[in-house]
Amino acid sequence: QVHLVESGGGVVQVGGSLRLSCAASGRTAGWHAMAWVRQALGPERVFVAALAWLGDNKWYADSVKGRFTISIDNAKTTMYLQMDSLKSEDSAVYYCAASEVRGFEPITDSDRYDYWGQGTQVTVSS
């Protein structure tokens, strides 16, 4: 079984920073893309950042551009989301996801992702 485990969530003040980690275990050789998705009070999960391994191409939601940075280590076993200048609207449960779809463009469609973590809570307080 392939597992994704998020960590690094917690409570941070408005304007602060936080770094989330997503550790992968199991057989990950077929992965070609990963992403960070968040869910607030509603049921919908919204993509905030995505990464295509081919070409190291990245995508960010307009709401987080310039504030969030997605990255992965050289071994491609741990993905990170560096979050700076946090706002109250960033409060949500953050999930990491991995896809076996091969391509140069980051994927922002939940149906294209095969593996999901259980999420980590991020709370931005004033």
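Residues numbered from 1 in each chain as written. Predicted model: local features only at pLDDT ≥ 70, side-chain atom pairs only at ≥ 80, totals over all residues. Heavy atoms only, no water.

### A word on the overall build of the protein
Here comes step 1: For the protein, the count of helices and strands is zero helices and 11 strands.
Here comes step 2: The C-alpha atoms of the protein give a radius of gyration of 14 Å, which matches the 14 Å a tight globule of 126 residues would have.
Here comes step 3: A burial count over the protein gives 40% of its 126 residues as buried.
Here comes step 4: In the protein, of all internal contacts separated by at least 6 residues, the share reaching a separation of at least 24 is 60%.
Here comes step 5: For the protein, the exposed surface amounts to about 6,700 Å²; the carbon and sulfur share of it is 46%.
Here comes step 6: For the protein, the separation between the mean place of its 11 positive charges and that of its 13 negative charges on side chains is 4 Å. (Helix = DSSP H or I, 4+ residues; strand = E, 2+ residues; numbered from the N terminus. Rg over C-alpha atoms; globule rule 2.2 N^0.38 Å. Buried < 20%, exposed > 50% of the residue type's maximum accessible area, 1.4 Å probe, protein only. Contact = heavy atoms within 4.5 Å. Areas by Shrake-Rupley, 256 points an atom, 1.4 Å probe, with all protein chains shown as cover. Lys, Arg positive; Asp, Glu negative; His and termini not counted. Charge placed at Lys NZ, Arg CZ, Asp CG, Glu CD.)

### A few points about the pattern of salt bridges
Here comes step 1: For the coordinates displayed, the defined rule picks out three salt bridges.
Here comes step 2: The salt bridge partner of Lys65 is Asp62, with a shortest N-O separation of 3.2 Å. With respect to class, Lys65 is no different from Asp62; both count as exposed.
Here comes step 3: A salt bridge links Asp90 to Arg67, with the nearest nitrogen and oxygen atoms 2.7 Å apart. With Asp90 in the loop between β8 (78–83) and β9 (92–99) and Arg67 in the loop between β6 (57–60) and β7 (68–72), this pair connects stretches of sequence that are 23 residues apart. Neither Asp90 nor Arg67 differs from the other in exposure class; each is buried.
Here comes step 4: Among the ionic contacts, a cluster of salt bridges with common partners joins Arg38, Arg67 and Asp90. (Salt bridge = Lys/Arg side-chain N within 4 Å of Asp/Glu carboxyl O.)

### A closer look at the state of the cysteines
Here comes step 1: Summed over all chains, the structure comprises one disulfide.
Here comes step 2: In this model, Cys22 is linked to Cys96 through a disulfide, with the two sulfur atoms separated by 2.0 Å. In this structure, the disulfide formed by Cys22 and Cys96 twists by about 60° around the S-S bond and is classed as right-handed. Taken together, the residues span a long stretch of sequence, with Cys22 in strand β3 (residues 18–25) and Cys96 in strand β9 at a distance of 74 residues.
Here comes step 3: By relative accessible area, Cys22 is classed as buried at 1%. (Disulfide = S-S within 2.5 Å.)

### Quick look at the nonpolar core
Here comes step 1: Trp36, Leu81, Met83 and Tyr94 are the most contacted members of the largest nonpolar core, which has 29 residues in total.
Here comes step 2: Broken down by secondary-structure element, the contributors of at least two residues to this core are β3, β4 (33–39), β5 (46–52), β7, β8, β9 and β11 (120–125).
Here comes step 3: Tyr94 has contacts with Glu6, Leu20, Trp36, Val37, Arg38, Val48, Phe68, Leu81, Met83, Gly119, Thr120 and Val122, leaving out every residue within four places of it along the chain.
Here comes step 4: Counting residues in each nonpolar core, the second largest holds eight residues, with Ala33, Val37, Ala50 and Tyr113 among its members. (Core = buried A, V, L, I, M, F, W, Y, C linked by side-chain atoms within 4.5 Å.)

Taken by themselves, the reported measurements are silent on function.
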